[in-house]
Amino acid sequence: MFRTLITAIIFTAISPVAMATEIKVEELASGLKNPWSIAFMKNGDALVTERAGGLRLLSKSGELSSAISGLPEASVVGQGGMLGVALHPDFEGNKWVYVCLSIANGEVRGSEVYRGKLAGNKLQNVKQIFVAKPKIDTAHHFGCRLAFDNDEKLFISLGDRTKKDDAQLTSNHFGVVVRVNDDGSVPTDNPFLDGKAPEIFSYGHRNVQGMALHPTSGQVWTHEHGPKGGDEVNILENGDNYGWPTITYGVNYDGSSITDVTEMDTMRQPLTYWVPSIAPSGMAFYTGEEFPEWKGNLFVGSLKFRYLNRMVMDGEKVVEQEALLSDRNERVRDVKQAPDGSIYVLTDEVNGKVLRLTKG
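All figures in this text were calculated on a predicted structure; none of them were measured in a lab.

Thresholds applied
Residues numbered from 1 in each chain as written. Predicted model: local features only at pLDDT ≥ 70, side-chain atom pairs only at ≥ 80, totals over all residues. Heavy atoms only, no water. 1 Å grid on protein atoms, 1.4 Å probe; cavity = no way out; pocket = protein on both sides within 12 Å on 5 of 7 lines; lining within 4 Å. Points joined across faces, edges and corners; volume = space filled by probe spheres on them. Helix = DSSP H or I, 4+ residues; strand = E, 2+ residues; numbered from the N terminus. Nonpolar A, V, L, I, M, F, W, Y, C, P; charged D, E, K, R; others polar. pLDDT = per-residue confidence, 0-100. Contact = heavy atoms within 4.5 Å. Phe/Tyr/Trp six-rings, centres within 6.5 Å; stacked < 30°, edge-to-face > 60°. Buried < 20%, exposed > 50% of the residue type's maximum accessible area, 1.4 Å probe, protein only. Salt bridge = Lys/Arg side-chain N within 4 Å of Asp/Glu carboxyl O.

## Regarding the layout of surface pockets
Phase 1: Size it by volume and the largest pocket reaches roughly 1,000 Å³.
Phase 2: Lining the largest pocket are 38 residues, and of these F40, L87, F148, K336 and Q337 sit closest to its centre.
Phase 3: Those elements that provide at least two residues to the lining of the largest pocket are β3 (35–40), β6 (82–87), α2 (91–94), β10 (146–148), β14 (208–213), β18 (280–285) and β22 (332–337).
Phase 4: Looking at the lining of the largest pocket element by element, the count peaks at 5 residues for β14.
Phase 5: There is about 510 Å³ of room inside the second largest pocket.
Phase 6: Lining the second largest pocket are 29 residues; nearest its centre among them are Q79, H225, Y253, A279 and L303.
Phase 7: Of the residues contributing to the lining of the second largest pocket, the split by class is 8 nonpolar, 13 polar and 8 charged.

Following this line, the structure appears as structure tokens:
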């Protein structure tokens, strides 16, 4: 495993090729209520969630539909709302759409995942396929990033809900990434089948807010929010413990220590981490032809410092970083590559935008 200390503001030198890349930024759509996640169809259309709104269809030309019906009402409190969206790997054939949202039950709330078939402006045959347990009375750390692997297994990130010590347990869904079949059933090779939460794939996470499938290895990569410092990039492994809060490179928001331990033999080290925190959100590997010099780069949004972070990778090692779009001063919530090789960025604002990046 690699471990590299990266600062969020001072970056390593960017190569002349990277600096020569000119980017055209198009505001494809605006007026969204805190857009949170985007998922593409093969024709270039996409589904977009609005944390404080609903699920909408975005055409390749930038036209937004009204809210797509069929999902339950999201609990829009604090960090909760309509969050992650993903399409089934065989979406063109089966039209299955997966959405993760926070659902309230009285004064308590938690993350749930629903599946439905897209038909026009509706989701039909909607079914609840996963419920994070237990629901508690807090409005923080819902996780809710979604990603399918090459075996059509669905990975769902779940934050620690501020119950950080419980992230070291495998008997609940606090601070974990779960793995289920496309219908919500539990895969027979999950690591904790005999426990109270057999959906768990990995644990010891704080709040995973980015998830992407590596285009070569097929492994699921994630990043997560640290506390004050200690944001991490990790590769998920079946049954592994990622350390939170027993080990961390961060401190409490008031500056006090969480622990002075940063490594432990039984816990995974991150590939890289940021001090100070950049508040990462969204994650995508680039494989397109629009920016051939960026092939294999990893893109991560920064909510805190308001830019799109481009990371040049050498295997599992970060070689360089570049801050893109920093002149726009907009919080980046999600980033995805479109089928045509352009890059789409969601800005997390009350008047949120969908940006499309192409060669200048």
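Anyway, onward from the coordinates.
## Thoughts on the confidence of the model for the protein
Phase 1: Looking at the protein, pLDDT values average 94 and 94% of them are 70 or higher.
Phase 2: The least confident element of the protein, judged by mean pLDDT, is strand β1 (residues 4–6) at 36; the most confident is strand β11 (residues 154–158) at 99.
Phase 3: The low-confidence segment residues 1–19, where pLDDT is below 50, has 52 contacts with residues more than four positions distant or belonging to other chains.

## Some points on the packing of aromatic side chains
Here the distance between the centres and the angle between the planes together describe a pair of aromatic rings.
Phase 1: Summed over the entire model, instances satisfying the criterion amount to 10 aromatic pairs.
Phase 2: Ring geometry for F40 versus Y344: centroids 4.7 Å apart, planes at 80°, classification edge-to-face. With F40 in strand β3 and Y344 in strand β23 (residues 343–347), the pair connects residues that are 304 residues apart, well separated along the chain. By the burial criterion, F40 is buried, and Y344 matches it.
Phase 3: Taking 5.8 Å as the distance between ring centres and 80° as the angle between the ring planes, the aromatic pair formed by F192 and Y203 counts as edge-to-face. Of the two residues, F192 sits in the loop between β12 (176–180) and β13 (200–203) while Y203 sits in strand β13, which places them 11 residues apart along the sequence.

## Observations concerning the pattern of salt bridges
Pairs can form between side chains of opposite charge once their charged atoms are near each other.
Phase 1: Within this structure, the stated rule accounts for 17 salt bridges.
Phase 2: As a salt-bridge pair, R179 and D189 come within 2.9 Å of each other at their nearest N and O atoms. Taken together, the positions of R179 in strand β12 and D189 in the loop between β12 and β13 put the pair 10 residues apart, joining distant regions of the chain.
Phase 3: Exposure remark for R179: the relative accessible area of 6% places this residue in the buried category.
Phase 4: A relative accessible area of 43% places D189 in the partly exposed class.
Phase 5: When the shortest N-O distance is used, the salt bridge between K359 and E293 registers 3.6 Å. With K359 in strand β24 (residues 352–359) and E293 in the loop between β18 and β19 (298–302), this pair connects stretches of sequence that are 66 residues apart.
Phase 6: We classify K359 as partly exposed; its relative accessible area is 33%.

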